[in-house]
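What the coordinates show
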Amino acid sequence: MGERHAKLEDEYGAINDELQKLAFIAETEPDPIIKQRYESYMGSLQSGMQALQDRGVTPQSRRAMLDVRSRYNSEMMPIKMGYEIKLKD
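Criteria and thresholds
- Residues numbered from 1 in each chain as written.
- Predicted model: local features only at pLDDT ≥ 70, side-chain atom pairs only at ≥ 80, totals over all residues.
- Heavy atoms only, no water.
- Helix = DSSP H or I, 4+ residues; strand = E, 2+ residues; numbered from the N terminus.
- Expected span 1.5 Å × (residues − 1).
- Bend = angle between axes of the 7 residues up to and from the residue.
- Buried < 20%, exposed > 50% of the residue type's maximum accessible area, 1.4 Å probe, protein only.
- Contact = heavy atoms within 4.5 Å.
- Axes fitted to C-alpha atoms, helices over the stretch in contact; angles between N-to-C directions.
- Parallel < 35°, antiparallel > 145°, perpendicular 65-115°, else oblique.
- Left-handed = near helix turned anticlockwise from the far one by under 90°.
- Nonpolar A, V, L, I, M, F, W, Y, C, P; charged D, E, K, R; others polar.
- Salt bridge = Lys/Arg side-chain N within 4 Å of Asp/Glu carboxyl O.
- Core = buried A, V, L, I, M, F, W, Y, C linked by side-chain atoms within 4.5 Å.
- Phe/Tyr/Trp six-rings, centres within 6.5 Å; stacked < 30°, edge-to-face > 60°.

What follows is about helix H3 (residues 59–88). Between its first and last C-alpha atoms H3 spans 43 Å; for 30 residues at 1.5 Å apiece the expected length is 44 Å, and the two agree. At Met-76, H3 is deflected by roughly 35°, the largest bend along its length, and proline Pro-78 occurs up to four residues later in sequence. Turning to H3, its buried residues are Ser-61, Met-65, Val-68, Arg-71, Tyr-72, Met-76, Ile-79 and Tyr-83. Contact partners of the buried residues in H3: helix H1 (2–28) and helix H2 (32–55).

Set out below in structure tokens:
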């Protein structure tokens, strides 16, 4: 059980590291939707991390990690990619 807990913590940590790289984009871009998505996602990430700390590994905590990872790919990656394309232009 401790191994699974550590693995989930590592996954949350890795996503949090990636999200910190996007903080600059959310703070500097004039589009309020970017900031709103970033803040919403950050809230979900923190909530999942806190639930893992409070309750440990449960089916809900594993499901929450899958949701966080999926949302990162569908919501945060497009922001990052769009910013990178904007910098190239």
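At a minimum axis separation of 10 Å, H2 and H3 run at an interaxial angle of 160°. As judged from the angle between their axes, H2 and H3 are roughly antiparallel. Crossing hand, H2 versus H3: left-handed. Here Ile-34, Arg-37, Tyr-38, Ser-40, Tyr-41, Ser-44, Leu-45 and Leu-52 of H2 lie close against H3, whose contacting residues are Ser-61, Val-68, Arg-69, Arg-71, Tyr-72, Met-76 and Ile-79. For the contact of H2 with H3, a count of residues per class yields nine nonpolar, three polar and three charged.

A word on the pattern of salt bridges. Summed over the entire model, instances satisfying the criterion amount to five salt bridges. A salt bridge links Glu-18 to Lys-80, with the shortest nitrogen-to-oxygen separation between them at 3.7 Å. Pair noted here: Glu-18 is in helix H1 and Lys-80 is in helix H3, with a separation of 62 residues, a long-range link. A relative accessible area of 26% means that Glu-18 is categorised as partly exposed. The class for Lys-80 is partly exposed, based on a relative accessible area of 23%. Salt bridges sharing partners connect three or more residues here, namely Glu-18, Lys-21 and Lys-80.

So, on to the nonpolar core. Within the largest apolar cluster, 21 residues are counted, with the highest numbers of intra-cluster contacts made by Ile-15, Leu-19, Leu-22, Tyr-38, Tyr-41, Leu-45 and Met-76. Sorting the residues of this core by element identifies H1, H2 and H3 as the ones contributing at least two each. Counting residues per element, this core draws most heavily on H1, which supplies eight residues. When residues no more than four places from it in sequence are discounted, the contact partners of Leu-22 are Tyr-38, Tyr-72, Met-76 and Lys-80.

If you walk through the whole model with that rule in mind, you get two aromatic pairs. For the pair Phe-24 and Tyr-83, a centre-to-centre distance of 6.3 Å together with 75° between the ring planes defines the contact as edge-to-face. With Phe-24 in helix H1 and Tyr-83 in helix H3, this residue pair connects regions lying 59 residues apart in the sequence. Given a relative accessible area of 48%, Phe-24 falls into the partly exposed group. Look at Tyr-83 and you get buried, because its relative accessible area is 17%. An angle of 55° between the planes, with centres 6.0 Å apart, marks the rings of Tyr-41 and Tyr-72 as tilted. One end of the pair, Tyr-41, is in helix H2; the other, Tyr-72, is in helix H3, and 31 residues separate them in sequence. There is no split in this pair, since Tyr-41 and Tyr-72 are both buried.

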